[in-house]
Amino acid sequence: MEIAYRIYPEPNGTVYTEADIRSVDDVVMLFDYCQILEANISKEGWRYLVDEFGVDGLYEADKRSGWFDCDSIDEFAEAITIEMDNAE
């Protein structure tokens, strides 16, 4: 399953699957790419991330990445719900 797509390296970019996103460090890397608009997480990708790492684990990854810059886990949960709703 495609978790996310990154536009680099050109010309074909990078597709991330479950095999690529196995640890919180991998999530931090992915969030960093998303933050600078190099990557997008698919709707199925968000489901995988939540199932695999939980909202708590993703919030910890986000605190390291700073993508969403949320002050609480509730604010973060709301932000990722919006991302999931808008993902393709």
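Going by the structure above, here's the rest.
Along each chain, residue indices are assigned from 1 in the same order as the chain's sequence is written. Per-residue local features are limited, in this predicted model, to residues with pLDDT of at least 70; the limit for side-chain atom pairs, both in listing and counting, is 80 or more; totals at the level of whole chains, interfaces and linings are taken over all residues. Heavy atoms from the whole structure form the basis of all side-chain values; hydrogens and water molecules are not counted.

Novice: What am I meant to see in the packing of helix 1 (residues 24–35) against helix 2 (residues 43–65) here?
Specialist: Angle between the axes and distance between the axes: these two values describe a pair of packed helices. Only the stretch in contact is used when a helix axis is fitted, and all axes are lines through C-alpha atoms; the angle between N-to-C directions ranges over 0 to 180 degrees. In this text, helices come from DSSP runs of H or I with a minimum length of four residues, and strands from runs of E with a minimum of two, each type numbered from the N-terminal end. At a minimum axis separation of 9 Å, helix 1 and helix 2 run at an interaxial angle of 75°. With respect to their mutual orientation, helix 1 and helix 2 come out roughly perpendicular. Where helix 1 approaches helix 2, its residues Val24, Asp25, Val27, Val28, Leu30, Phe31, Asp32 and Gln35 are matched on the opposing element by Trp46, Leu49, Phe53, Leu58, Ala61, Asp62, Arg64 and Ser65. We call two directions roughly parallel when the angle between them is under 35 degrees, roughly antiparallel when it is over 145, roughly perpendicular when it lies between 65 and 115, and oblique otherwise. The contact rule is simple, with two residues in contact once any of their heavy atoms fall within 4.5 Å.

Novice: Even after reading the chapter, I still don't get the nonpolar core, so can you show me in this structure?
Specialist: One broad trend across soluble globular proteins is that nonpolar side chains are buried collectively. In terms of nonpolar packing, the biggest core is built from 26 residues, with Ile21, Leu30, Phe31, Ile41, Trp46 and Leu49 touching the most fellow members. Of all the elements, helix 2 adds the most residues to this core, at seven residues. Not counting residues up to four positions away in its chain, the partners in contact with Leu30 are Ile3, Ala4, Tyr16, Ile21, Ala39, Ile41 and Leu49. Grouping buried Ala, Val, Leu, Ile, Met, Phe, Trp, Tyr and Cys residues that are joined through side-chain atoms within 4.5 Å yields what is termed a nonpolar core. Only protein chains enter the area calculation, which uses a 1.4 Å probe; residues under 20% of their type maximum are buried, those over 50% are exposed, and those in between are partly exposed.

Novice: What is the right way to read helix 3 (residues 73–86) from this model?
Specialist: An α-helical turn contains 3.6 residues, so a residue and the one three or four places further along point in the same direction. A helix is expected to span 1.5 Å multiplied by its residue count minus one. Along its 14 residues, helix 3 runs 20 Å from first to last C-alpha, staying within 8% of the 20 Å computed at 1.5 Å per residue. Lining the buried residues of helix 3 we find helix 1 and helix 2.

Novice: Explanation requested: the layout of surface pockets in the structure shown.
Specialist: A cavity, in this analysis, means grid points on a 1 Å lattice covering only the protein atoms where a 1.4 Å probe fits yet has no way out; a pocket is instead an open set bounded by protein on both sides within 12 Å along at least five of seven lines, and a residue lines either one if it has an atom within 4 Å of a point. Grid points are joined across faces, edges and corners, and a volume is the space filled by probe spheres set on the points. Roughly 240 Å³ of volume is contained in the largest pocket. Lining the largest pocket are 14 residues, with Ala39, Asn40, Ile41, Glu83 and Ala87 sitting closest to its centre. Taken together, the elements giving at least two residues each to the lining of the largest pocket come down to strand 1 (2–6), strand 3 (39–41) and helix 3. A class-by-class count of the residues in the lining of the largest pocket yields eight nonpolar, three polar and three charged. Under the scheme applied here, ten amino acids are nonpolar (Ala, Val, Leu, Ile, Met, Phe, Trp, Tyr, Cys and Pro), four are charged (Asp, Glu, Lys and Arg), and all others, including Gly, are polar.

Novice: So what exactly am I meant to see when it comes to a negative patch on the surface here?
Specialist: Every patch collects residues that have over 30% relative accessible area and no salt bridge, joining them within 9 Å if they carry like charges and within 5 Å if they are nonpolar side chains (Val, Leu, Ile, Met, Phe, Trp, Tyr). Only the protein chains shown count as cover for residues, and the accessible areas themselves come from Shrake-Rupley with a 1.4 Å probe. Whenever a carboxyl oxygen of Asp or Glu lies within 4 Å of a side-chain nitrogen of Lys or Arg, that contact is scored as a salt bridge. A residue counts as positive if it is Lys or Arg and as negative if it is Asp or Glu; His and the chain ends are not included. Lysine's charge is taken at NZ, arginine's at CZ, aspartate's at CG and glutamate's at CD. A surface patch of negative charge is lined by Asp69, Asp71, Asp74, Glu75 and Glu78. Here Asp71 is to be found in the loop between helix 2 and helix 3.

By themselves, these figures tell us nothing about what the structure is for.
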